[in-house]
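Observations on the three-dimensional arrangement
Residue strings, one per chain:
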Amino acid sequence: MIRNRRADWRRIKGKLSYTIDEAAHALGTHRNTVRHWVKKVGLPAMTEARPHLILGGDLVAFLRARRTARKRRCGPGELYCLRCRAPRRPVPGLLEYRALTSTRARIVGICSTCEAILHRFVSTHRAAAVATEFNLQIEVRHESLADSALPSLNCDSSTPATT
Ligand SMILES: [Zn+2]
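No experiment lies behind these values; they were computed from the predicted model shown.

Thresholds applied
- Residues numbered from 1 in each chain as written.
- Predicted model: local features only at pLDDT ≥ 70, side-chain atom pairs only at ≥ 80, totals over all residues.
- Heavy atoms only, no water.
- Helix = DSSP H or I, 4+ residues; strand = E, 2+ residues; numbered from the N terminus.
- Donors = N, O, S within 2.8 Å, 3.2 Å for Na, K, Ca; no water.
- Tetrahedral: all angles 85-135°; square planar, octahedral: opposite > 155°, others 65-115°.
- Buried < 20%, exposed > 50% of the residue type's maximum accessible area, 1.4 Å probe, protein only.
- Patch = residues over 30% accessible without salt bridge, like charges linked within 9 Å, V, L, I, M, F, W, Y side chains within 5 Å.
- Areas by Shrake-Rupley, 256 points an atom, 1.4 Å probe, with all protein chains shown as cover.
- Salt bridge = Lys/Arg side-chain N within 4 Å of Asp/Glu carboxyl O.
- Lys, Arg positive; Asp, Glu negative; His and termini not counted.
- Charge placed at Lys NZ, Arg CZ, Asp CG, Glu CD.
- Pairing = 2+ DSSP bridges.
- Disulfide = S-S within 2.5 Å.
- Phe/Tyr/Trp six-rings, centres within 6.5 Å; stacked < 30°, edge-to-face > 60°.

Look at the link from arginine 50 to proline 51: it is a cis peptide, with omega at -5°. Of note, proline 51 is situated in the loop between α2 (31-41) and β2 (53-55). A positive phi angle is found at arginine 85, which is not glycine, with a value near 55°. Tracing the sequence through the fold places arginine 85 in the loop between β3 (79-81) and β4 (86-88). Although it is not a glycine, asparagine 135 adopts a positive phi angle of roughly 55°. Looking at the secondary structure, you find asparagine 135 in the segment after α4 (127-134).

Okay, the coordination of the zinc ion next. For the zinc ion, the full set of protein donor atoms is Cys81 (SG), Cys84 (SG), Cys111 (SG) and Cys114 (SG), and the range of their distances to it is 2.2 to 2.3 Å. In this structure, the zinc ion is surrounded by 4 donor atoms whose angles at the metal cover 105 to 115°, and the resulting shape is tetrahedral. The sequence pattern describing where the donors of the zinc ion fall on their chain is C-x2-C-x26-C-x2-C. Taking the relative accessible area as the measure of exposure, cysteine 111 reaches 0% and is therefore buried.

Here we come to a positive patch on the surface. A contiguous patch of positive charge on the surface is contributed by Arg35, Lys39, Lys40 and Arg50. Take arginine 50: it is sitting in the loop between α2 and β2.

Right, let's get into the pairing of strand β5 (residues 96-99). By the bridge criterion, 4 bridges tie β5 to strand β6 (residues 104-110) in an arrangement that is antiparallel. Bridge pairing links alanine 99 to alanine 105 in β6. The turn joining β5 and β6, which pair antiparallel and follow one another in sequence, is formed by 4 residues.

With that settled, the discussion passes to the pattern of salt bridges. Any two side chains of opposite charge can pair, so long as their charged atoms come close to each other. For the coordinates displayed, the defined rule picks out 3 salt bridges. Ionic pairing is found between aspartate 21 and arginine 31, a salt bridge with its closest N-O pair at 2.6 Å. With aspartate 21 in helix α1 (residues 20-27) and arginine 31 in helix α2, the pair connects residues that are 10 residues apart, well separated along the chain. A residue is classified by how much of its surface remains accessible, and arginine 31, at 39% relative accessible area, is partly exposed. Residue glutamate 96 pairs with arginine 98 through a salt bridge whose shortest N-O separation is 2.3 Å. What makes glutamate 96 partly exposed here is its relative accessible area of 21%.

So, on to the state of the cysteines. Following the criterion strictly, the structure yields 0 disulfides and no others. Free of any disulfide, cysteine 74 has its nearest cysteine sulfur in cysteine 81, 9.9 Å distant.

Turning our attention to the packing of aromatic side chains. Scanning the entire structure with this criterion turns up 1 aromatic pair. Ring geometry for tryptophan 37 and phenylalanine 62: centres 5.5 Å apart, planes at 50°, overall tilted. You can see tryptophan 37 sitting in helix α2 and its partner phenylalanine 62 sitting in helix α3 (residues 56-70), a full 25 residues away along the chain. Considered together, tryptophan 37 and phenylalanine 62 belong to a single accessibility category, that of buried residues.

Here it is, written out as structure tokens:
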């Protein structure tokens, strides 16, 4: 099963019907994956005749529901752990905020349950909110003051804060 590649339902036309192969092709996934969805996971299909047909609308609804179920929302101060497959609290004090671009940053932490690396992309507009949420010290710079020669910001206590 391909876990990293997320099936892209935007390529599915709701009003068309698809064979297993066509659906797999449109989604860039393996036909066995689609077959598995039909047989085990509850994707509706017309299986009275061959080839079995899946309605595009059913497929889209199925993938949407699946993603919502998977994407469990993180509560305040939680990051999603891919290993635990659940939102987890990061180990306090070992969090890092890394600015990636002028608009995007990443919070990196360690799962307090399994010690895997956790991360979440955040918009730099939300830096202040994120700082409060994770009890981080983030130096929020205005773009006009941003010095691109500086390495990315982090909350490592060994880095003295410049004021
Ligand atoms: Zn974990």
